[in-house]
Amino acid sequence: MTVCTVCMLFSCTSEKNNQVMNEGECLVIPFEKGVENIRTVKLSDIAEKVSFIPLETTDSSLVARQMLNNVRLANGQIYVPCSEGLLTFDEHTGKFLRRISRKGQGPGEYTSIRGIEARDGSDYVYIFSRERVLVFQPDGTFVCQFPKPGGWATSMMKDSLCLSFIINHTGQQKDRLLITDTKADTIYRFPQYDRFEVPGKFNWIYQHHYEYYLYTYQGEHIFRDYYSDTIYTVKHNELVPRFRLDMGRYALPKDLRMETVMMSVDRNSALAKARHYLRPTMFEGSRFLLMPFTTWDISNPQHIHFQYLLFDKQTGKCVKVKDDAIVNDKAGDLPFRPIARIADNVLMVWLEVPYLQEQIEKGIELPEALRNLKDDDNAVLMLVYLKK
């Protein structure tokens with residue numbers, strides 16, 4: 001295995017057993033009240049700019065089985081992890097730039113892509129494979145690789161520390177976050193206090209492509225646990241409360257958690273009850289927090305319906321987006337239903353060509369460049385740059 005020599009390791013490598021929880025003031029988001037405050041939201045209310053970027057289609061750039069919640073925008077490049085590898089495209093033109101890494105067992109190769117990280121100003125791009133981190137320069141040059149612990153989600157703290165989220169699928173996990181160095185030695189562990197019993201022999205975890213357990217914002221690392229209503233900023237030895245969602249009557253009771261519901265004798269009845277409770281995630285920008293949410297009823301995962309809550313940090317207003325789509329009054333009239341946050345103030349919609357063709361047949365106005373695409377062309381990205 002190639003040793004990572006570009007990373008400055010912290011001198012402290014001992015495990016720490018005490019977790020400091022900063023219980024100071026954090027921003028409370030009135031989620032329950034917001035759900036009942038339905039308003040029309042226009043793109044002009046929240047966006048500075050809208051771009052449609054057709055991803056160039058070549059024999060080397062065909063995108064398949066893309067990981068939508070891991071698409072990233074950094075340093076003028078769009079990074080798209082998919083079954084064909086990590087593909088990069090120009091932010092402004094969609095021109096295919098390069099493929100980074102490939103599937104395999106050798107240095108710089110991945111067994112599977114579990115996630116990626118690319119940030120403005122960073123000298124490196126990271127691919128998180130199952131048991132290791134691959135480090136590349138933005139031009140695709142392989143730098144090094146190092147081991148990491150297993151985890152549901154991973155992020156890099158600086159260039160030498162790996163932050164891993166350990167999902168509590170057994171109800172008895174001891175840790176929920178680990179910070180490790182490039183030797184996989186534990187620098188710090190954050191204990192898991194939310195313990196519960198899981199009936200039966202099987203564990204059920206459901207994740208949709210909107211969800212983010214770890215994300216970065218202005219260089220900070222943000223964390224939300226699977227069932228938690230509090231979002232934290234992660235420091236090296238501290239979780240600092242950042243936001244708290246006041247879920248009110250929409251908070252999921254413990255007896256309706258998925259691990260219990262899916263093992264219930266009367267599963268359908270339990271799922272019907274779970275339908276009354278809401279499951280939000282968060283797209284954070286400088287001024288706005290957009291929160292896609294759905295119910296906890298997963299009886300038909302292929303047809304889960306998403307709605308949106310919008311919170312304005314400046315005014316404190318929290319509203320549910322009317323008709324579950326933001327009105328597009330800036331670039332044609334295609335409704336805006338973002339599915340991913342790909343940079344600090346950039347939201348994305350992934351538009352497959354057959355869908356666009358259907359919209360054209362319905363009379364939806366689209367930019368001229370999108371009206372002559374072929375059925376087998378790569379998707380078009382709708383990028384919305386939020387007001388700051």
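Residues numbered from 1 in each chain as written. Predicted model: local features only at pLDDT ≥ 70, side-chain atom pairs only at ≥ 80, totals over all residues. Heavy atoms only, no water.

*Asks:* How should I be thinking about the pattern of salt bridges in this particular structure?
*Replies:* As a working rule, side chains carrying opposite charge can pair if their charged atoms are close by. Per the stated rule, a full pass over the model turns up 16 salt bridges. Across the salt bridge formed by K254 and D194, the nearest N and O atoms sit 3.5 Å from each other. Of this pair, K254 sits in the loop between β20 (238-245) and α3 (258-261) while D194 sits in the loop between β16 (186-191) and β17 (214-217), and the two are 60 residues apart along the sequence. With a relative accessible area of 23%, D194 lands in the partly exposed category. In this structure, a network of salt bridges that share partners links the residues E220, K235, R242, E284 and K313. (Salt bridge = Lys/Arg side-chain N within 4 Å of Asp/Glu carboxyl O. Helix = DSSP H or I, 4+ residues; strand = E, 2+ residues; numbered from the N terminus. Buried < 20%, exposed > 50% of the residue type's maximum accessible area, 1.4 Å probe, protein only.)

*Asks:* Please explain the nonpolar core as it appears in this structure.
*Replies:* The nonpolar side chains of a soluble globular protein tend to be buried with one another. Core analysis: the largest hydrophobic core is formed by 73 residues, its most contacted members being M348 and W350. A total of seven residues in this core trace back to one element, the largest contributor, which is strand β28 (residues 380-386). With sequence-adjacent residues up to four places away left out, W350 is seen in contact with L55, V63, Q66, L68, V71, V80, I339, A379, V380 and L381. Counting 31 residues, the second largest nonpolar core, distinct from the first, contains L177, Y213, Y226 and F306. (Core = buried A, V, L, I, M, F, W, Y, C linked by side-chain atoms within 4.5 Å. Contact = heavy atoms within 4.5 Å.)

*Asks:* What should I look at first to understand the environment of S160 in this one?
*Replies:* Note on placement: S160 falls in the loop between β13 (153-157) and β14 (161-165). Between the C-alpha atom of S160 and that of T180, which follows or precedes it by 20 residues, the distance is 8.5 Å.

*Asks:* I tried to follow helix α4 (residues 267-274) on my own but got confused; where do I start?
*Replies:* Since one α-helical turn is 3.6 residues long, residues separated by three or four positions face the same way. Taken together, the buried positions of α4 are occupied by A270, L271 and A274. Buried residues along α4 cover an arc of 100° about the axis, so they all sit on one side. As for α4, its buried residues are in contact with α3 and β23 (288-295). (Arc of directions from axis to C-beta.)

*Asks:* In this structure, what is going on with the pairing of β13? I would like to understand it.
*Replies:* The two faces of the sheet receive side chains in turn, since in a regular strand these alternate between them. Taken across its five residues, β13 has five buried, putting it largely inside the fold. Here β13 shows a buried face lined by A153, S155 and M157 and a second buried face lined by T154 and M156. When β13 meets β14, the two strands line up antiparallel, connected through five bridges. Opposite T154, over in β14, you have S164 as the bridge partner. Linking β13 back to β14 in an antiparallel pair, the connection comprises three residues, with K158 at a positive phi of about 60°. (Pairing = 2+ DSSP bridges.)

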